[in-house]
Every structure is written in C-alpha cells, then in structure tokens.
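Structural overview
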Amino acid sequence: MSTRARRAAGDAGAASTGSRRAGALALAAAGALVAGAGLAVTGASAVLGSMLVTPPRTQPDDIRVLGVDARGVRLGRTPDTGLPGVYALWVGERLAVLGPVVAEDAHSVTRAIDEPARELLSGASSARWSGYALHRPQDVTDAVERVDIPTELGPAPAWIMGDQEASTWCIQIHGRGVTRRETIRAVPAFLERGIPCIAVSYRNDTEAPPSRDGKFRLGLDEWRDVDDAIGLAVARGARRIVLMGWSMGGQIALQLARRSRHRRRIVGVVLDSPVVGWRPTLRLQVALVRMPAWLVETAVGLLESPASVLSGSRSLDFDELDNVLHADALTQPILLLHSADDGFVPPDASRALAEARPDIVDYREWRTARHTKLWNLDRGRYLRDIGGWLDARGIAAFD
C-alpha cells in the first residue's frame with residue numbers, strides 16, 4: 001500500500017473512531033437526559049402522591065381582612081368571599097360567623113357581622129375561609145354526649161347528638177384534612193325527625209389515633225374506624241343506620257355501604273360533595289396548578305406499586321376506590337348532592353354513579369355552592385333536600 005493510501009486509510013479510521021466517540025457521547029447525553037426526565041417524573045409523581053396521602057397539619061390563611069366598619073367586615077375579593085349565603089372565618093383557633101354581602105367592588109367584599117365577630121376581626125389582617133357557621137354540637141342541640149369509639153388503633157372521639165332512644169341512627173363522616181365539626185350543619189335535618197347523629201373521627205384526622213405510617217388510605221382503611229362507630233350505635237339499640245359522608249367522607253360511606261359488617265342495617269346513604277372516585281379529583285387538582293395531565297396516571301401508578309414508599313405510604317388500589325366500577329355492589333338508596341362548580345372534587349364521578357345506578361341514586365346537582373358549602377349557600381333548600389328524601393323513603397326515628 002502506498003504512503004498516500006495508508007494515510008487515507010488512517011484518516012478514514014480516525015474519522016470512524018471520532019464518529020463512534022461522538023455517537024457514544026451523544027447516546028450518553030441522551031441517556032442522561034432520559035434518566036433525568038425519568039427522575040423528574042418520578043419525583044413529581046412522588047410529590048403529588050405524598051400530598052394526597054399526607055394529612056395537612058396546618059391550613060394557611062387565605063383571606064385578607066381589609067378592615068371593619070359600621071357595615072361589617074371588608075374582605076379581599078376571592079371566588080369565595082362574594083358568594084351568597086352564610087359562612088365563617090377562622091382567626092387562629094376562633095371562629096367569626098359572616099352574614100350576607102352588604103357591599104362590594106372590584107377588589108373587595110363587605111359582609112355583615114355580629115358584635116362577637118366584630119370584636120374578633122378588629123385588628124386582624126388575615127383569616128381562613130370556612131363553612132362552619134355551625135361548628136359545635138351545642139349549636140344544634142342540648143342533648144350531646146362525648147364518647148370514645150373503640151377502634152383497632154385505640155379510642156376515637158365522637159359526639160352523639162339527639163335522643164338515643166330511637167331505632168334509626170345517622171353516622172356523620174367528615175372529609176379529608178378537616179374534623180367532625182364539618183358535619184354539624186347537616187345534623188338538624190336528622191334531629192328534626194328524631195334521628196340521633198354520631199359525628200365521628202377516624203385515623204389520621206388529628207383527633208383519632210394515627211396509623212403507624214400516619215398516612216391517609218383515602219377510604220381503604222378509614223371505613224373500619226367508622227364501622228366501629230356503627231357498632232356502638234347498634235350496641236345502644238340502633239336497628240337501622242343512615243350514613244352521611246362529606247368529600248372523602250363520601251368515599252368512606254360508600255366503602256361502608258359495600259363492606260361494613262353492619263351493611264344489612266344501612267338503609268340510606270347521603271353524600272355531600274363526595275369523592276366517588278379519586279382519579280377525576282386528581283385530574284382537577286393537577287390542572288389547577290397547570291401540571292401535565294399524564295402526571296395523574298404516573299402518580300396513581302406510583303401509589304399502587306411497591307414504589308409507593310417514595311410518597312411515604314403503603315400501596316393503594318385506585319380501582320377499589322372507584323365506586324362507579326363497583327356500582328353493582330351498592331344496594332342502598334343514595335341521595336347525592338354535588339355542585340357543578342365544586343372547584344375541588346369535580347362532579348364527574350358523581351354524575352357517572354348516578355348514570356350507572358339510576359335505580360338507587362337520587363342525584364341533585366347544585367350551582368354556585370362550591371365544595372361542601374351547599375348548606376351555606378341555601379340552608380333551607382339543603383335541609384329540604386335531605387329531609388324530603390328521608391321522608392319519601394320512610395326513614396324515620398322508629399321503624
């Protein structure tokens with residue numbers, strides 16, 4: 001081979017080697033990007049999953065208090081502060097009840113208040129929006145007993161309200177991240193008919209004993225604690241049980257309707273803004289923070305797999321939490337109340353359950369009420385909806 005030929009061959013080999021090295025570097029870089037993207041997806045999914053199963057210990061103030069004058073309290077405008085109806089504000093651990101809107105402009109809303117609320121809100125700069133215009137058992141009845149429900153994790157505090165001589169009892173189940181105070185608003189609909197109510201607590205809600213990992217199971221385990229509350233009612237003479245669940249408490253009520261050892265005693269289920277299935281709720285929450293929709297399925301996949309430990313939780317079963325998939329297993333009549341503009345738990349799964357079981361589900365869709373604030377928007381309609389449904393099905397204090 002000539003010198004020129006050998007040089008040409010060498011140049012070609014060098015070029016080939018350089019090309020291979022460049023290709024290897026490109027592949028390595030691509031691999032690093034894919035791995036980085038994978039880690040980012042896993043990390044984002046773990047964060048979403050952790051947010052879902054971790055009980056919120058504190059809730060930040062979300063309302064600006066701009067001042068108090070002769071007309072009432074002036075608040076910064078938000079989607080909530082201008083709503084018609086009666087609401088409340090948490091100022092630290094104290095509650096101020098708000099009356100109707102008396103004035104408003106583009107940036108603020110003024111709502112009527114009584115003298116105790118005026119004293120509490122004077123000098124406050126921020127507060128937390130709430131539907132708890134009624135929040136103590138004594139707000140609805142003088143017949144109140146505090147009890148501890150014996151559960152597998154220990155005693156879970158509860159209130160029994162009303163005449164315990166009745167043979168039909170109602171179990172009130174609060175939602176995620178709140179306490180049994182949430183349910184007090186609906187209790188008069190039952191007490192007016194002589195039906196006593198137990199407002200329960202359950203694992204990881206800050207009142208009942210926590211589970212070992214301190215994480216919500218989104219209804220998969222919590223129903224057991226509420227089943228023990230039914231057991232207490234039965235021990236005190238209850239022969240028929242009505243369940244009422246709020247938000248995640250609705251999921252718990254539906255789990256009980258399918259799985260409770262007392263399910264033959266359950267004669268009705270009332271649901272306020274319920275989580276009938278978790279996927280629609282996750283999709284809405286992801287959309288609200290402008291994250292990609294596919295993150296929901298990756299988060300669900302993570303929470304269902306052994307990798308759920310990344311979110312600090314044991315693996316979940318989202319199909320078991322989808323009550324539309326299990327609609328055929330439901331046998332009790334259901335009153336389902338949901339606002340079209342809920343804003344936290346969309347009504348998609350509630351509508352789907354009503355379509356799947358029109359024979360047992362009485363679905364009544366509200367507007368403007370947002371999440372678990374139907375009573376606040378229109379107390380009269382709310383109590384008529386529940387009371388009329390109970391009466392139409394012959395659900396009374398005594399069978």
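These lines cover the structure that appears in this document, whether it is placed above or below. (Residues numbered from 1 in each chain as written. Predicted model: local features only at pLDDT ≥ 70, side-chain atom pairs only at ≥ 80, totals over all residues. Heavy atoms only, no water.)

Quick look at the overall build of the protein chain now. Looking only at helices and strands, one finds 10 helices and 14 strands in the protein chain. When each of the 399 residues of the protein chain is scored for burial, the buried share is 51%. In the protein chain, of all internal contacts separated by at least 6 residues, the share reaching a separation of at least 24 is 74%. Counting only carbon and sulfur atoms, one obtains 54% of the accessible surface of the protein chain, whose full area is about 17600 Å². (Helix = DSSP H or I, 4+ residues; strand = E, 2+ residues; numbered from the N terminus. Buried < 20%, exposed > 50% of the residue type's maximum accessible area, 1.4 Å probe, protein only. Contact = heavy atoms within 4.5 Å. Areas by Shrake-Rupley, 256 points an atom, 1.4 Å probe, with all protein chains shown as cover.)

Here we take up the sheet that holds strand S9 (residues 168-173). One open sheet accounts for 8 strands, arranged S7-S8-S10-S9-S11-S12-S13-S14; its pairing is mixed. Every other strand in the sheet has two partners, leaving strand S7 (144-151) and strand S14 (361-366) as the edge strands with one partner each. Recorded for the sheet is a direction-independent mean angle of 20° between the axes of neighbouring strands. Sheet topology note: the S9/strand S10 (residues 197-199) ladder contains 3 bridges and is parallel. Note on S10: the bridge partner recorded for Ile 171 is Ile 198. (Pairing = 2+ DSSP bridges. Axes fitted to C-alpha atoms, helices over the stretch in contact; angles between N-to-C directions.)

A few words now on unusual backbone geometry. Its identity is not glycine, yet Ser 273 carries a phi of approximately 50°, on the positive side. Tracing the chain through its elements places Ser 273 in the loop between strand S12 (266-272) and helix H6 (278-288).

Further remarks concern the packing of H6 against helix H7 (residues 294-304). Two elements in contact, H6 and H7, have axes whose closest approach is 10 Å; the angle formed by their N-to-C orientations is 130°. Judged by the inter-axis angle, H6 sits oblique to H7. Taken as a pair, H6 and H7 cross one another with a handedness that is right-handed. Here Arg 279, Leu 282, Arg 283 and Val 286 of H6 lie close against H7, whose contacting residues are Val 296, Glu 297, Val 300 and Glu 304. (Parallel < 35°, antiparallel > 145°, perpendicular 65-115°, else oblique. Left-handed = near helix turned anticlockwise from the far one by under 90°.)

Attention now moves to the environment of Glu 304. Relative to the helices and strands, Glu 304 is located in helix H7. Glu 304 sits in the partly exposed class, given a relative accessible area of 32%. Placed 13 residues apart in sequence, Glu 304 and Asp 317 show a C-alpha to C-alpha distance of 5.7 Å. Apart from the residues lying within four places of it in its own chain, the contact partners of Glu 304 are Arg 279, Ser 315, Leu 316, Asp 317, Phe 318 and Asp 319.

Most of S9 is tucked away, with 6 of its 6 residues classed as buried. Because side chains alternate across S9, one face comprises the buried residues Thr 168, Cys 170 and Gln 172, and the other comprises Trp 169, Ile 171 and Ile 173, equally buried. In this structure, S9 lies alongside strand S11 (residues 240-246), joined through 6 bridges in parallel fashion. What sits directly across from Ile 171, in S11, is Leu 243.

A few words now on the sheet that holds strand S2 (residues 73-76). Taken in spatial order, the 6 strands line up as S1-S2-S5-S4-S3-S6 and close into a barrel, and their pairing is antiparallel. Each strand axis lies, on average, 45° off the axis of its neighbour in the sheet, ignoring direction.

Those residues of H6 that sit buried are Trp 278, Arg 279, Pro 280, Thr 281, Leu 282 and Val 286. With its phi angle positive at about 60°, Arg 290 sits one or two positions after the end of H6.

Our next topic: the side chain of Arg 279. By the element assignment, Arg 279 lies in helix H6. Using a relative accessible area of 18% as the deciding quantity, one classes Arg 279 as buried. Contact partners of Arg 279, with chain neighbours within four places excluded, come to Val 296, Glu 297, Val 300, Glu 304, Phe 318 and Asp 319.

Quick look at helix H4 (residues 222-235) now. Along an α-helix, residues three or four apart share an orientation, since each turn contains 3.6 residues. Taking 1.5 Å as the rise per residue, H4 with 14 residues should run 20 Å; its terminal C-alpha atoms sit 21 Å apart, in good agreement. Counting buried positions along H4 gives 11 out of 14 residues, so the element sits mostly inside the fold. Listed as buried for H4 are Glu 222, Trp 223, Asp 225, Val 226, Asp 227, Asp 228, Ala 229, Ile 230, Gly 231, Leu 232 and Ala 233. Contacts made by the buried residues of H4 are with S7, strand S8 (154-161), S9, S10, S11 and helix H5 (248-259). Count one or two residues on from H4 and you reach Gly 237, which has phi positive near 115°. (Expected span 1.5 Å × (residues − 1).)

This next bit is on the pattern of salt bridges. For the structure shown, the criterion picks out 28 salt bridges. Among the ionic pairs, Arg 259 bridges to Glu 320, the shortest N-O distance being 4.0 Å. Taken together, the residues Arg 259 in helix H5 and Glu 320 in the loop between H7 and strand S13 (334-339) connect sequence positions 61 residues apart. One salt bridge connects Asp 359 with Arg 357, and the closest N-O pair in it is separated by 2.8 Å. The buried category is assigned to Arg 357, whose relative accessible area is 12%. (Salt bridge = Lys/Arg side-chain N within 4 Å of Asp/Glu carboxyl O.)

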